[in-house]
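# Descriptive analysis of the structure
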Amino acid sequence: MKEDEYLLPLYKRLDVSFVKGKKSILYDEEGKDYVDFTSGIGVNSLGYANKEVVKTIKEQAKNILHTSNIYRIKSQEKCAKKIVELSNLDMQCFFCNSGAEANESAIKLARKYGNTEFAKPKYKIITIKNSFHGRTIATLKATAQEDKHKFFGPYPEGFVYAKDINEAITLIDESTVAVMLELIQGEGGIFMQDVHKIKELETILKSKKLLLIIDEVQTGVYRSGNFLISQ
Ligand SMILES: Cc1ncc(COP(=O)(O)O)c(C=O)c1O
């Protein structure tokens, strides 16, 4: 087998392989340079081989690479404090491994809230056409692109799709617990939601004690200006 045939062919990959990077420049195996306009996929916003990042990873690797959640993790506490301060929000942090897991956790928190805070439990989560929330079973179902749902059912119930914010408002009913959305859709084509519509939605949700879940997997950590776009 050719080397790339050991991988499941899940992505259409270009036949180029990067071995090195410096700031926004990538180098392939032949030393040819490329300007990376995609930052990985919206990930490497500090550029490649950032000195501080390299130093921190090296130091941590020398000391300890894994410890468990059953102990206190001082660096995690420090990081959580920084995130809370930068967010300006009354919140706490939960660290996990991927965007899908973060959204899965948000869905679980919303469901728990819906099941415990109301006399009649609420569970439905409204999401917006062309969103992308992840590849796990629940976050794939939360992703309002029905062509992506072929093959993997049955799915957990309770996801409702709205074509836009106006429709999301009309779809809120007595079983709805949350609306989940990206303020700038990434996969959906860098589509920015109207701030006034979002404010209207937020006011309606607040008045009903319902939740607004903002997926910041592509917008957070200064990638759209502020630390969080939802600030
Ligand atoms: C808006 C959004 N949410 C969630 C995800 C899923 O993140 P991950 O690939 O880390 O699971 C992505 C990934 O591209 C995304 O763009």
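Below is a summary of the structure that appears in this document. Note that this is a predicted model, so its numbers are computed, not measured.

## Focus on the overall build of the chain
In terms of regular secondary structure, the chain is built from 7 helices and 9 strands. Each principal axis of the C-alpha atoms in the chain carries an extent, and together these give about 60 × 40 × 35 Å. Across the 231 residues that make up the chain, the buried fraction comes to 30%. When contacts within the chain are restricted to residue pairs at least 6 apart in sequence, long-range pairs at least 24 apart make up 54% of them. Summed over all atoms, the accessible surface of the chain reaches about 16,600 Å², with 56% contributed by carbon and sulfur.

## Some details on the pattern of salt bridges
Per the stated rule, a full pass over the model turns up 8 salt bridges. Here Lys 124 makes a salt bridge to Asp 173, at a shortest N to O gap of 2.7 Å. Of the two residues, Lys 124 is situated in strand β4 (residues 124-128) and Asp 173 in the loop between α6 (165-171) and β6 (176-181); the sequence distance between them amounts to 49 residues. Assessed through its relative accessible area of 33%, Asp 173 is described here as partly exposed. Between Lys 199 and Glu 202 there is a salt bridge whose closest N-O contact spans 4.0 Å. With Lys 199 and Glu 202 both in helix α7 (residues 195-207) and 3 residues apart, the pair spans about one turn of that helix.

## Things to note about the nonpolar core
One broad trend across soluble globular proteins is that nonpolar side chains are buried collectively. Ile 165, Leu 181 and Leu 201 are the most contacted members of the largest nonpolar core, which has 17 residues in total. Looking at this core, the elements with two or more residues in it are β4, α6, β6 and α7. Residues contacting Leu 201, with those up to four places away along its chain left out, are Ile 165, Ile 169, Ile 172, Val 179, Leu 181 and Leu 212. Membership of the second largest hydrophobic core comes to 12 residues, among which are Ala 106, Ile 107, Phe 159 and Val 177.

## Comments concerning a nonpolar patch on the surface
A cluster of nonpolar side chains, Leu 8, Leu 10 and Tyr 11, forms an exposed patch at the surface whose accessible area comes to about 390 Å². Look at Leu 8 and you get exposed, because its relative accessible area is 66%.

## Re the layout of surface pockets
A volume near 1,500 Å³ is recorded for the second largest pocket. Residue lining of the second largest pocket: 44 residues in total, with Tyr 11, Lys 12, Arg 13, Gly 40 and Ile 41 positioned closest to the centre. Every element with two or more residues in the lining of the second largest pocket is listed here: β2 (25-28), β3 (33-35), α1 (39-42) and α4 (99-116). Class assignment for the residues of the lining of the second largest pocket results in 19 nonpolar, 12 polar and 13 charged. Taken domain by domain, the makeup of the lining of the second largest pocket includes at least three residues from each of domain 1 (3-59) and domain 3 (97-214).

## As for the sheet that holds β4
Taken in spatial order, the 4 strands line up as β5-β4-β6-β9 in an open sheet, and their pairing is parallel. Both edges of this open sheet fall to β5 (159-162) and β9 (211-214), since each of them pairs with a single strand only. Between one strand and the next, the sheet's axes are offset by a mean angle of 25 degrees, whatever the strand orientation. Where β6 meets β9, 4 bridges bridge the pair, whose relative direction is parallel. The residue of β9 that forms the bridge with Ala 178 is Leu 211. Each of β4, β5, β6 and β9 is contacted by α4, which is oriented at about 160 degrees to β6, the strand it contacts most.

## Describing a negative patch on the surface
A contiguous patch of negative charge, built from Glu 3, Asp 4, Glu 5, Asp 15, Glu 29 and Glu 30, is present on the exposed surface. Tracing the backbone shows Asp 15 in the segment before β1 (18-22).

## Regarding the packing of aromatic side chains
Overall, the coordinates contain 4 aromatic pairs when judged by the stated rule. On the basis of an interplanar angle of 80 degrees and a centroid distance of 5.1 Å, the ring pair of Phe 18 and Tyr 34 is categorised as edge-to-face. You can see Phe 18 sitting in strand β1 and its partner Tyr 34 sitting in strand β3, a full 16 residues away along the chain. Under the relative-accessibility criterion, Tyr 34 is labelled partly exposed at 26%. With a centroid separation of 5.5 Å and 65 degrees between ring planes, the pair formed by Tyr 222 and Phe 227 is classed as edge-to-face. The class of Tyr 222 is partly exposed, set by a relative accessible area of 46%. Classification of Phe 227 as buried rests on a relative accessible area of 9%. Stacked on the ring of Phe 159, the Lys or Arg Arg 111 has its end atom at 5.4 Å from the ring centre. A cation sits over an aromatic face here: Lys 122 above Phe 118, 4.9 Å from the ring centre.

Thresholds applied
Residues numbered from 1 in each chain as written. Predicted model: local features only at pLDDT ≥ 70, side-chain atom pairs only at ≥ 80, totals over all residues. Heavy atoms only, no water. Helix = DSSP H or I, 4+ residues; strand = E, 2+ residues; numbered from the N terminus. Buried < 20%, exposed > 50% of the residue type's maximum accessible area, 1.4 Å probe, protein only. Contact = heavy atoms within 4.5 Å. Areas by Shrake-Rupley, 256 points an atom, 1.4 Å probe, with all protein chains shown as cover. Salt bridge = Lys/Arg side-chain N within 4 Å of Asp/Glu carboxyl O. Core = buried A, V, L, I, M, F, W, Y, C linked by side-chain atoms within 4.5 Å. Patch = residues over 30% accessible without salt bridge, like charges linked within 9 Å, V, L, I, M, F, W, Y side chains within 5 Å. 1 Å grid on protein atoms, 1.4 Å probe; cavity = no way out; pocket = protein on both sides within 12 Å on 5 of 7 lines; lining within 4 Å. Points joined across faces, edges and corners; volume = space filled by probe spheres on them. Nonpolar A, V, L, I, M, F, W, Y, C, P; charged D, E, K, R; others polar. Domains from an automatic or database assignment. Pairing = 2+ DSSP bridges. Axes fitted to C-alpha atoms, helices over the stretch in contact; angles between N-to-C directions. Lys, Arg positive; Asp, Glu negative; His and termini not counted. Charge placed at Lys NZ, Arg CZ, Asp CG, Glu CD. Phe/Tyr/Trp six-rings, centres within 6.5 Å; stacked < 30°, edge-to-face > 60°. Lys NZ or Arg CZ within 6 Å of the ring centre and 35° of its normal.

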